[in-house]
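So you can see what is in the structure, the chains are spelled out below.
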Amino acid sequence: MSIAAAVLRDGQLALATDSMIHFGGEKVPAANLADPKMRRIGAAWVASTGWTLYSNILEDWLGGRKRMPSLADETAIFRFFNGFWRDLHERYSFVRDQPEDHDSPFGDLDSTFLVISPGGLFHVASDLSVTRFQQYFAIGSGASLAMGAVHALWERETDALALARAAVAAAIDHDLYCGGPVNEATVRLRRRS
């Protein structure tokens, strides 16, 4: 249970997350944690919500790479996560294929991701589909609160980071499973020629 919100405004991309982690019915104070729920991958920032174990797996998996991917567009992001999915099953014996929808032919990561890169703002769903957003998006238990906050402030606030912070603050204030200090990152959007 988490909140991650990303905003694209006037060529600036911002990503913000909360910092609270739950272990069953227990929450851990943010001052006692080292996982910021987002990580830099090349020129991109990636945030995840869902199983905390993905932080460990992703760090281990990325540690074996000689070169970080660009994550600049839907195709590059899809290829990255497709490789991640394949290796999850080959390298990590404790990972099982468990689609949430038993009628679906697709696997389920049980986690979702937000990516900001010089190429744009992207959401990676648990079924690995990649969607580009032109303004904002949020994931996690407080996502609807966060997107409502950005929607309400969109005409008044032009700073992408201020909007992302406000989105996460709204989720922290109103969602039981979001909390702690806000972590943030920014990226400039690459101009298309």
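Presented here is a report on the structure given in the accompanying data block. (Residues numbered from 1 in each chain as written. Predicted model: local features only at pLDDT ≥ 70, side-chain atom pairs only at ≥ 80, totals over all residues. Heavy atoms only, no water.)

### A closer look at the pairing of strand β2 (residues 12–17)
Working note: regular strand, side chains alternate between the two faces of the sheet. To be explicit about the condition: Any residue under 20% of the maximum accessible area for its type is buried, any over 50% is exposed, and the rest in between are partly exposed; the area is computed with a 1.4 Å probe on protein chains only. Under the scheme used here, helices are H or I runs from DSSP no shorter than 4 residues and strands are E runs no shorter than 2 residues, and both carry numbers assigned from the N terminus. By definition, two strands form a pair when at least two bridges between them are found by DSSP.
With six of six residues buried, β2 lies mostly within the body of the structure. Because side chains alternate across β2, one face comprises the buried residues Gln12, Ala14 and Ala16, and the other comprises Leu13, Leu15 and Thr17, equally buried. As paired elements, strand β1 (residues 3–9) and β2 share six bridges and run antiparallel to each other. By the bridge assignment for β2, Leu8 is matched with Leu13. Counting the residues in the hairpin turn of β1 and β2 gives two residues, including Asp10, whose phi is positive at 50°. When β2 meets strand β11 (residues 183–188), the two strands line up antiparallel, connected through six bridges.

### Some thoughts on the environment of Ser117
Summarising the element assignment, Ser117 is placed in strand β7 (residues 111–117). Look at Ser117 and you get buried, because its relative accessible area is 0%. Considered as a pair, Ser117 and Val46 are 71 residues apart in the sequence and their alpha carbons are 8.7 Å apart.

### Things to note about the pattern of salt bridges
Two side chains of opposite charge can pair, provided their charged atoms sit close to one another. For clarity, the threshold we go by: Salt bridges are identified by distance alone: a Lys or Arg side-chain nitrogen within 4 Å of an Asp or Glu carboxyl oxygen.
Overall, the coordinates contain four salt bridges when judged by the stated rule. The partner of Glu59 in a salt bridge is Arg39, with the nearest N and O atoms 2.7 Å apart. You can see Glu59 sitting in helix α1 (residues 53–63) and its partner Arg39 sitting in strand β5 (residues 38–41), a full 20 residues away along the chain. For Glu59, a relative accessible area of 44% corresponds to the partly exposed category. Residue class for Arg39 comes out buried when judged on its relative accessible area of 9%.

### Remarks on unusual backbone geometry
Even without a glycine there, the phi angle at Asp10 is positive, about 50°. Among the structural elements, Asp10 can be located in the loop between β1 and β2. The residue Leu128 is not glycine, and still its phi comes out positive at about 80°. Structurally, Leu128 is set in the loop between β8 (120–124) and β9 (130–133).

### Regarding the nonpolar core
Inclusion rule: Note on terminology: a nonpolar core comprises buried Ala, Val, Leu, Ile, Met, Phe, Trp, Tyr and Cys residues joined through side-chain atoms within 4.5 Å. Any two residues whose heavy atoms approach within 4.5 Å at even a single point are treated as in contact.
In this structure, Leu71, Ile77, Phe80, Phe81, Phe84, Leu88 and Val115 are the most contacted members of the largest nonpolar core, which totals 23 residues. Those elements that provide at least two residues to this core are β6 (44–50), α1, α2 (74–91), β7 and β8. In this structure, Ile77 is in contact with Leu71, Val115, Phe122, Val124 and Val130, ignoring residues within four places of it in sequence. Counting residues in each nonpolar core, the second largest holds 19 residues, with Ala5, Val7, Trp154 and Ala167 among its members.

### A closer look at the packing of α1 against α2
For clarity, the cut-off: Only the stretch in contact is used when a helix axis is fitted, and all axes are lines through C-alpha atoms; the angle between N-to-C directions ranges over 0 to 180 degrees. For this classification, under 35 degrees means roughly parallel, over 145 means roughly antiparallel, 65 to 115 means roughly perpendicular, and everything else is oblique.
Two elements in contact, α1 and α2, have axes whose closest approach is 11 Å; the angle formed by their N-to-C orientations is 100°. The angle between the axes of α1 and α2 places the two elements in the roughly perpendicular class. When α1 is examined against α2, the residues Tyr54, Ile57, Leu58, Asp60, Trp61 and Leu62 are found in contact with a partner set consisting of Phe80, Gly83, Phe84, Asp87, Leu88 and Arg91.

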